[in-house]
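Tertiary structure, described
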Amino acid sequence: GMPGWTKFLNDLISMGRREGSLDDGEAAKAQEYLAQNRLEDAADVLVSAMSEASCQTKVQSAFRASGQPAPVVEYILNLADGLIITTNYDRLIENAWERTLERQGIRNGVEKLLPVEPEDIRLALSGDVYAVLKLHGDVERRSTVVLTKKRYDEVYENAEFQKFLERFFVTHRPLFVGCSMTEDRILRVMRSVGATGYALLAANSRAQREETMARLRGVVRVIWLAHEDVPPGGDIHDLIIPVLRWLEVRRKIGHVIWDVDTALRAQWRAKMRQYYDSGQFREALEWIKEKWAQWASWELAVEFLRFADMAGDPSAWDFYINEICASLPAERTTVIEHAVNYYSGRLHGQAGRWLSAMALHAANSPKLPPSDAYQVLSRFEEAQLRFRVEDFEEAQRVLEDLYYLLIGTDGERRKFVDILKFLGTIQVLDTIYDAPGRDGVWVDGRNANGAAARRYAADALAMATDYSDGQAWAWTVSAFADEADRMYDEADEKYRRALQVTHDRADCRASTRFHILLYHSAFLRRTGRLEDALHVFEEAAGAMLAPRRAPDDFKLAEQRYLLADARGDTAAAREATAAIVAYGQDAADMYGTTRIERRLREFRKKHVTAP
């Protein structure tokens, strides 16, 4: 029995004219806006003429519930996991939900949340409460009622609420019920993140249906309810209920996959946390295998992949392929799909299958905003892999995307430091990338830019206060910049500081020390300090860890050749030449890197004679 938003504004016009608070010109202007479907502008005219307090009072009169909600509300509740979002002022949903929960023995009530309250947004995202998020205010809290364009802007342009909406539409596939779908603000957010949803709508004419479909195309798929199908004596609700009932049943038997970031089941969430906190990654894998028949789900499959990644045992991947995939339905949520791609890519990378690893990570993008953590993680993994196989142009493109995606975010500091490290290095590739058989193809054809590299290094160092690898690499990139600007003494000091971090900090990775030693050796060779370069090179070779990977062996062989050639050591140069050909071919075959293939081909022409 409550009015829709358009009818309510029409009622306001009538009341304003009766009360004398709205003159003919104002009423005509409001009617004109309503005819153009400019509802916010119509509300502005009415509030300006009648006062916001007066209009809020009329909202309370029109939208206070006095009876039981229509039966359709019960079916909506049956589809809710813990959060319902509404633009309605009334309390029909939450009152009905509280009664339903009480019948189930749950007496905690239903939270009534507002989009402008940071704590309310946190609760809405947590999934820990039953809640109704009331976008346009609550009828019992008159000051919260959103009527005017200014108030709409306060809600929808609030930064925290914008983040919430983006995350919500990324991780959920919404079903709109009882909405006219004329709210452009919601549709704009959905379009901006590439989200899709469904809506139950009724159309009075073919023209209205076609207009609605054109406006919603690519964002909302409409389930049309036809007025001619309404039974005698019934109304449109009689058509909605069978649809909702069908969804409820199909969902219970697992054939409707709602696109949600499902929380881990409480029964094994604590066990996973226990294994993680104690570092018992292999034990976690065995526990999941043992419990698989009982808890089989895509969420547990992601946990298995996560622990396999942390255990550093790519062979655990075989269990997932042979057992988990075969036992689960093909349907999975977008977030689950991205998680599987991310961890699968990590495991392929550990096993040396970098080409397939890059393909898996690339499959996660570009689809969602940063609220999908797996997409950001995959983008970064892809950038690192492309950098290591010397696909510098593509690595730069991905890194710059990530840079602008994450700038200003606090939760990704370490990742941001690593992005700055790579971007700084790319600025001076013309200086430090001195492998034999240089192919002349650089990053966008640019020359070394020491000033830009130094800025990236300074930003990285400022952010890496608790990140030892980041500190070491920030000093190294600063050394690259100094060498590019021919500030050799300063560069040598920066390398010393970088290596001191790798020596003093136990949490610094061995691979970081290996690569920095290799870069330092190359710097010393380029500046003519050949004996010092040889000493540092031998230290780098000794620091290389198993399992050895072809690109690292290839780089080591290249630097060995360059150093031997500079020292006039023919025997060592010949030995290094054979290693370059062998490791280079392995790297090119395994990782599909056209740059290495091209450089190897040129190196063979120049240094390897036919028998």
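Details of the structure are given in the entry above.
Residues numbered from 1 in each chain as written. Predicted model: local features only at pLDDT ≥ 70, side-chain atom pairs only at ≥ 80, totals over all residues. Heavy atoms only, no water.

**Concerning the sheet that holds strand β2 (residues 111-113)**
Basically, it comes down to this: Two strands are counted as paired when DSSP detects at least two bridges linking them. For helices the rule is a DSSP run of H or I covering at least 4 residues; for strands it is a run of E covering at least 2, with both sets numbered from the N terminus onward. Only the contacting stretch of a helix is used when fitting its axis, a line to C-alpha atoms as for every element, and angles between N-to-C directions run 0 to 180 degrees. Two residues form a contact once any of their heavy atoms are found within 4.5 Å.
Overall, parallel pairing links the 3 strands, which are arranged β1-β3-β2 in an open sheet. The sheet is open, and its two edges are formed by β1 (83-86) and β2, each paired on a single side. Each strand of the sheet is rotated relative to its neighbour by a mean of 20°, with strand direction disregarded. Two strands pair when backbone bridges link them, and β2 and strand β3 (residues 131-134) are joined in this way by 3 bridges, in the parallel orientation. By the bridge assignment for β3, K112 is matched with V132. Contacts from helix α6 (residues 92-103) reach β1, β2 and β3 within the one sheet, and its direction differs from that of β3 by about 175°. Lying over the sheet, helix α9 (residues 159-171) contacts β1 and β3, oriented at roughly 115° with respect to β1.

**Comments concerning unusual backbone geometry**
Put simply, the rule reads: Accessibility here uses a 1.4 Å probe with only protein chains present; expressed as a share of the type maximum, an area under 20% marks a residue as buried, one over 50% as exposed, and anything in between as partly exposed.
At S51, a position not held by glycine, the phi torsion is positive, near 85°. Tracing the backbone through its elements, the reader meets S51 in the loop between α3 (39-50) and α4 (52-63). Of note in this structure, R486 is not a glycine but carries a positive phi near 60°. As for its placement among the helices and strands, R486 is situated in the loop between α24 (468-484) and α25 (488-504). For R486, a relative accessible area of 65% puts it in the exposed group.

**Concerning the sheet that holds strand β4 (residues 175-177)**
The strand order across the open sheet formed by 3 strands is β4-β5-β6, and the pairing between neighbours is parallel. Edge strands, defined here as strands with exactly one partner in the open sheet, are β4 and β6 (220-225). Neighbour-to-neighbour, the strand axes of the sheet open up by a mean angle of 25°, direction not taken into account. Of the pairings in the sheet, the one linking β4 to strand β5 (residues 197-202) comprises 3 bridges and is parallel in character. Across the sheet, the residue bridging to V177 is L200, located in β5.

**Quick word on the packing of helix α17 (residues 334-350) against helix α19 (residues 373-388)**
How we decide: Any angle from 65 to 115 degrees is called roughly perpendicular, while one under 35 is roughly parallel, one over 145 is roughly antiparallel, and all others are oblique. If you view the pair so one helix is near and one far, a crossing is left-handed when the near helix is turned anticlockwise from the far one by less than a right angle, and right-handed when it is turned clockwise.
Following both chains from N to C, one finds α17 and α19 inclined at 25°, their axes separated by 9 Å at the closest point. Between α17 and α19, the angle is such that the two are roughly parallel. Viewed along their axes, α17 and α19 form a crossing whose handedness is left-handed. Across from V335, H338, A339, Y342, Y343 and R346 in α17, the residues of α19 making contact are Y374, Q375, L377, S378 and E381.

**Some words on the pairing of β3**
Every second residue of β3 is oriented toward a common face, with A131 and L133 on one face and V132 and K134 on the other, all of them buried. In terms of strand pairing, β1 meets β3 through 4 bridges, oriented parallel. Its bridge partner being in β3, I84 is matched across the sheet by V132.

**Looking at the pattern of salt bridges**
Heads up, the condition is: Any carboxyl oxygen of Asp or Glu within 4 Å of a side-chain nitrogen of Lys or Arg constitutes a salt bridge here.
Considering all chains together, one arrives at 38 salt bridges under this definition. In this structure, R17 engages D24 in a salt bridge whose closest nitrogen and oxygen atoms are separated by 2.4 Å. A relative accessible area of 46% means that R17 is categorised as partly exposed. Here D24 falls in the exposed class, since its relative accessible area comes to 54%. The closest approach of N and O atoms between R386 and D391, which form a salt bridge, is 3.2 Å.

**A few points about the nonpolar core**
Just so we agree on the cut-off: Nonpolar cores were defined as sets of buried Ala, Val, Leu, Ile, Met, Phe, Trp, Tyr and Cys residues, with membership established by side-chain atoms within 4.5 Å.
L399, Y403, I419, L420, F514 and I516 are the most contacted members of the largest nonpolar core, which has 58 residues in total. When sequence neighbours within four positions are dropped, the list of residues in contact with L399 reads A383, I419, F422, L423 and I426. Judged by nonpolar contacts, the second largest core, of 32 residues, contains L123, A131, L187 and A199.

**A look at the side chain of D430**
The condition that has to hold: Any pair of nitrogen or oxygen atoms within 3.5 Å is treated as a polar contact; in protein, a donor-acceptor pairing is required on top of that, and neighbouring residues in sequence qualify only through side-chain atoms on both sides.
Along the chain, the position of D430 falls in helix α22 (residues 429-432). Within the structure, the side chain of D430 is placed 3.3 Å from the backbone nitrogen of A448, a separation counted as a polar contact.

**A short note on the side chain of S468**
On the secondary structure map, S468 appears in helix α24. Polar side-chain contacts of S468 include one of 3.1 Å to the side chain of D507. Residue contacts for S468: discarding those within four places in its chain leaves V501, R505, D507 and C508.

Take it as geometry only, folks, not as evidence of what the structure does.
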